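A look at the structure
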Amino acid sequence: MSDKHYLEWPFFEARHATLEKELDVWAAQHVAHAHGDDVDAACRQLVHQLGEGGWLRHAVGDTIDTRAICLIRETLARHNGLADFAFAMQGLGSGAISLFGSAENRHTYLPRVARGDAIAAFALSEPQAGSDVAAMQCAAVRDGDDYVLNGEKTWISNGGIADFYVVFARTGEQPGARGISAFIVDAGTPGFGIAERINVIAPHPLARLTFNSCRIPASKRLGEAGQGFKVAMATLDVFRTSVAAAALGFARRALDEAMQRATQRQMFGQVLADFQLTQAKLAEMATGIDTSALLTYRAAWQRDQGRKVTKEAAMAKMHATETAQQVIDAALQMFGGLGVVSGQPVESLYREIRALRIYEGATEVQQLIIARELLKEA
Ligand SMILES: Cc1cc2nc3c(=O)[nH]c(=O)nc-3n(C[C@H](O)[C@H](O)[C@H](O)COP(=O)(O)OP(=O)(O)OC[C@H]3O[C@@H](n4cnc5c(N)ncnc54)[C@H](O)[C@@H]3O)c2cc1C
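Quick caveat, the model's predicted, so the values are computed rather than measured.

Parameters at a glance
Residues numbered from 1 in each chain as written. Predicted model: local features only at pLDDT ≥ 70, side-chain atom pairs only at ≥ 80, totals over all residues. Heavy atoms only, no water. Helix = DSSP H or I, 4+ residues; strand = E, 2+ residues; numbered from the N terminus. Buried < 20%, exposed > 50% of the residue type's maximum accessible area, 1.4 Å probe, protein only. Contact = heavy atoms within 4.5 Å. Areas by Shrake-Rupley, 256 points an atom, 1.4 Å probe, with all protein chains shown as cover. Lys, Arg positive; Asp, Glu negative; His and termini not counted. Charge placed at Lys NZ, Arg CZ, Asp CG, Glu CD. Domains from an automatic or database assignment. Buried area = accessible area lost by both parts, 1.4 Å probe.

1. Examining the overall build of the protein chain
Scanning the protein chain for helices and strands turns up 10 helices and 10 strands. The dimensions of the protein chain, computed from C-alpha atoms along their principal axes, are 80 × 50 × 40 Å. Here the protein chain holds 378 residues, and the buried ones make up 54% of them. By sequence separation, contacts in the protein chain at least 24 residues apart represent 74% of the contacts at least 6 residues apart. Carbon and sulfur atoms make up 53% of the accessible area of the protein chain, which totals about 16500 Å². The distance from the centre of the 38 positive side-chain charges to the centre of the 43 negative ones in the protein chain is 3 Å.

What follows is the structure in structure tokens.
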């Protein structure tokens, strides 16, 4: 049973503790168990369940309560990584519409996302533009009341099952980051295609997308022409702290599993937890988890105060994802051979955590952001 004392920290209001408690009960009943081998079907079902449960409402809208989405991601990640993924992508995929969409686009898409009736995706990365987002080549050319898109995107979560994609493309108003715009592309639009599905170590829907003279009404542009980089960064700014929260959820689950194993596994006439070497590991794991929680909820609280969180969100994301990797590795080690058996919770966590150190800005990118902010302050 995870330590819940952190809910009494001054970062939270009473409604946050209630939210966490209710979701914990709901998640244990609805999403704690595997949803079969078909990852597309599992994701669709999870989105539907999360919509029906009312949880997706927290991921869309004018004012996103960062502490709430962090608590939701942490709790879902503790129960089921794919449930966390399904929740996170509804938020990230529709975030640019929440923040920059016209009244019509907000009305068309957001209620369906919140009910779990439409699946969302966020298409920024390209084969030659991952960390270096501004190097993107996918282009959109204005043609009357439309834009015509050509190019490709890769590593797109929910690629293949999404009903719509928020796509970033070069519109050329100015060079580099100042010549990009954001568009909503519906899955059935002629010229849009799934070029390839990508299998990863923790399976979830992921694809490379192609755009071949794909015609999008200008009314589906999000924000001003040439402001797409700002749209992308503002969206990521909301959700980056929640990646830290997901890592925290994985780490808490790993510590729960490790505690259970260490207090039950008999060896050398005692249990694993009786050895001081084990106790030192458990102490390091618990301390790492608390420092991650402090950084995560500081960033979330600070954003909810309407303050800038560029440095704090980067610190939380870097520390929580790196620490979770170490905590999960230590937990797996305590399980011995059992730890690497497919389907064991620690084995799934070991695969699940890895990509979080890469996406939404790899650890090295977070380091650069933190240092840049420090130097600016100096
Ligand atoms: C499972 C998964 C899901 C994803 N989902 C999405 C999605 O839904 N939408 C989307 O748009 N993208 C998505 N991505 C893409 C993700 O954001 C990119 O993979 C990430 O930005 C890194 O880009 P890259 O893979 O091209 O690696 P590169 O940019 O080639 O970077 C490789 C490595 O170089 C290092 N590095 C980077 N910059 C520096 C630097 N300045 N100095 C030193 N080292 C550096 C880092 O260790 C990095 O991991 C997803 C990726 C994964 C793995």
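2. As for the domain arrangement of the protein chain
Taken as a whole, the protein chain is organised into domain 1 (5–115), domain 2 (120–228) and domain 3 (230–377). Of note, the centres of domain 1 and domain 2, computed from C-alpha atoms alone, are 24 Å apart. Contacts between the two partners involve 19 residues from domain 1 and, on the opposite side, 20 residues from domain 2. Roughly 1600 Å² of surface becomes buried between domain 1 and domain 2 when both sides are summed, with 66% attributable to carbon and sulfur atoms.

3. Concerning the environment of alanine 41
With respect to the element layout, alanine 41 can be found in helix H2 (residues 39–52). Judged by relative accessible area, alanine 41 falls into the partly exposed class, the value being 37%. Residues alanine 41 and isoleucine 161 lie 120 residues apart in sequence; the distance between their C-alpha atoms is 9.0 Å.

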